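# Working through the structure, step by step
The chain contents come next:
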Amino acid sequence: MRAYWTLVRRELAAVFLSLGGYIIIAAALFLMGYSFVVILVKLQKPTPMPVTELFYITPFFWLILLLTTPVITMRLFAQEKFSGTFETLMTTPVSDLQVVLAKFTAALLFYVLMWLPLLGCLLLVRRFTHDTAALDAGVVGGMFLGILLLGAVFISLGCCASALTRSQAIAAMISLVFGASLFLLGYLASQLPVQESWQAQVLSCFALFEQMHDFARGVVDTRPVVLLASLSFFFLFLTLRVVESRRWK
């Protein structure tokens, strides 16, 4: 465990000691702030939706998710391979699994820290609209659980993309393409009418929009939790296999 946490601290230090990490946070903060300007305009008319659900309805949440996760993860393995430090890292007394989990954990922690200013936006909404539900513990907890689970999927996907190449730009593009495909799959699932066929039932499992609306209302269903966690483990498993494949060359 000591080696694992040492690797996590190493990855976090690499992010926070570079300008790139602060640019990501600044860009995400700008989009969050602008989204809540839009929400405050909508709140001039009475609405039964909680503020958190209004945030999910705007395109800004998905824009932040789709654009920041490839940038966060593109350097994890690709930069190590390009600079020649990857082989040195893998000859140290750490396992492949520890390396993969440490890089994933560091990226996920940075991702969570990036979303913390969202609490400040909710506080401002409560201050200027007197909406006591804006900081309801259940609603806020459900919202951040959804952000965490969906972020874990996209970050694990980005880890896998970064492990496939030596180029950070190519890793970001692979992650963006597959992330956008998952997003479009979720959009398609939300637009199709309810059907009884097994194909429609399987596709309905990827209705990310409906699932995130439930999280935004403070409703936690075990089915999307299991699905998103399973997808994260699947992409991490693929990442581990890609890292282990160097032994076969």
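An account of the accompanying structure is given in this report. Nothing here was measured: the structure is a model prediction, and the numbers come from that model.

### A closer look at the overall build of the protein chain
Looking only at helices and strands, one finds 13 helices and zero strands in the protein chain. Helices and strands appear in the protein chain in the N-to-C order α-α-α-α-α-α-α-α-α-α-α-α-α. Across the 249 residues of the protein chain, 46% fall into the buried class. Within the protein chain, contacts between residues at least 6 apart in sequence are counted, and of these 74% link residues at least 24 apart.

### Brief notes about the packing of helix H12 (residues 208-216) against helix H13 (residues 222-244)
Interaxial distance between H12 and H13 falls to 10 Å at its minimum, and their mutual angle equals 120 degrees. Regarding the angle of H12 to H13, the classification is oblique. As H12 runs across H13, the sense of the crossing is left-handed. Every residue of H13 that contacts H12 at Leu208, Gln211 and Phe215 is listed here: Pro224, Val225, Leu227 and Leu228.

### A closer look at the side chain of Ser35
For Ser35, the position within the fold is in helix H2 (residues 19-42). On the basis of relative accessibility, which here comes to 0%, the residue Ser35 falls in the buried class. Polar contacts involving the side chain of Ser35 include one to the main-chain carbonyl oxygen of Met32, which spans 2.6 Å. Once you skip the residues sitting within four places of it in the chain, Ser35 turns out to touch Phe55, Thr58 and Phe60.

### Examining a nonpolar patch on the surface
On the surface, Val112, Leu113, Leu116, Leu119 and Leu148 cluster together into a nonpolar patch covering about 360 Å² of accessible area. Take Leu148: it is sitting in helix H9 (residues 137-163). You can call Leu148 partly exposed: its relative accessible area is 34%.

### Here we look at the pattern of salt bridges
Applying the stated criterion across every chain yields a total of six salt bridges. Residue Glu11 is joined to Arg10 by a salt bridge in which the shortest nitrogen-to-oxygen separation is 3.0 Å. Several salt bridges share partner residues, and in doing so they unite Arg10, Glu11, Arg75, Glu80 and Lys103 into one network.

### Digging into the state of the cysteines
Counted under the stated rule, the structure contains zero disulfides. Its sulfur unpaired, Cys159 is 8.7 Å from the next cysteine sulfur, which belongs to Cys160.

### Thoughts on the packing of aromatic side chains
The relation between two aromatic rings is expressed through the spacing of the ring centres and the mutual angle of the planes. The full count for this structure, using the stated rule, is 10 aromatic pairs. Ring geometry for Phe16 and Tyr22: centres 6.2 Å apart, planes at 70 degrees, overall edge-to-face. When its relative accessible area of 47% is taken as the criterion, Tyr22 is described as partly exposed. Judged by centre distance (5.3 Å) and plane angle (75 degrees), the ring pair of Tyr34 and Phe60 falls under edge-to-face. Separated by 26 residues along the polypeptide, Tyr34 in helix H2 and Phe60 in helix H4 (residues 60-73) bring together distant segments of the chain.

### Focus on the packing of H9 against H12
Contact pair H9 / H12: the axes reach a minimum separation of 7 Å and the direction vectors enclose 145 degrees. Contacts between H9 and H12 involve Val139, Gly142, Met143, Leu145, Gly146, Ile147, Leu149 and Leu150 from the first element and Leu208, Met212, Phe215 and Ala216 from the second.

### Concerning the environment of Ile147
On the secondary structure map, Ile147 appears in helix H9. Its relative accessible area of 2% is what places Ile147 among the buried residues. As for Ile147 and Trp115, which are separated by 32 residues in sequence, their C-alpha atoms are 8.4 Å apart. Apart from residues no more than four positions distant in its own chain, Ile147 is found in contact with Tyr56, Phe61, Tyr111, Trp115, Leu118 and Met212.

### Remarks on H4
Counted at 1.5 Å a residue, the expected span for H4 with its 14 residues is 20 Å, and the 20 Å between its end C-alpha atoms agrees. The buried fraction of H4 is high, at 11 of 14 residues. For H4, the complete set of buried residues consists of Phe60, Phe61, Trp62, Ile64, Leu65, Leu66, Thr68, Thr69, Pro70, Ile72 and Thr73.

Definitions and limits used
Residues numbered from 1 in each chain as written. Predicted model: local features only at pLDDT ≥ 70, side-chain atom pairs only at ≥ 80, totals over all residues. Heavy atoms only, no water. Helix = DSSP H or I, 4+ residues; strand = E, 2+ residues; numbered from the N terminus. Buried < 20%, exposed > 50% of the residue type's maximum accessible area, 1.4 Å probe, protein only. Contact = heavy atoms within 4.5 Å. Axes fitted to C-alpha atoms, helices over the stretch in contact; angles between N-to-C directions. Parallel < 35°, antiparallel > 145°, perpendicular 65-115°, else oblique. Left-handed = near helix turned anticlockwise from the far one by under 90°. Polar contact = N/O pair within 3.5 Å; in protein donor to acceptor, adjacent residues only side chain to side chain. Patch = residues over 30% accessible without salt bridge, like charges linked within 9 Å, V, L, I, M, F, W, Y side chains within 5 Å. Areas by Shrake-Rupley, 256 points an atom, 1.4 Å probe, with all protein chains shown as cover. Salt bridge = Lys/Arg side-chain N within 4 Å of Asp/Glu carboxyl O. Disulfide = S-S within 2.5 Å. Phe/Tyr/Trp six-rings, centres within 6.5 Å; stacked < 30°, edge-to-face > 60°. Expected span 1.5 Å × (residues − 1).

Nothing here speaks to function; it is geometry throughout.
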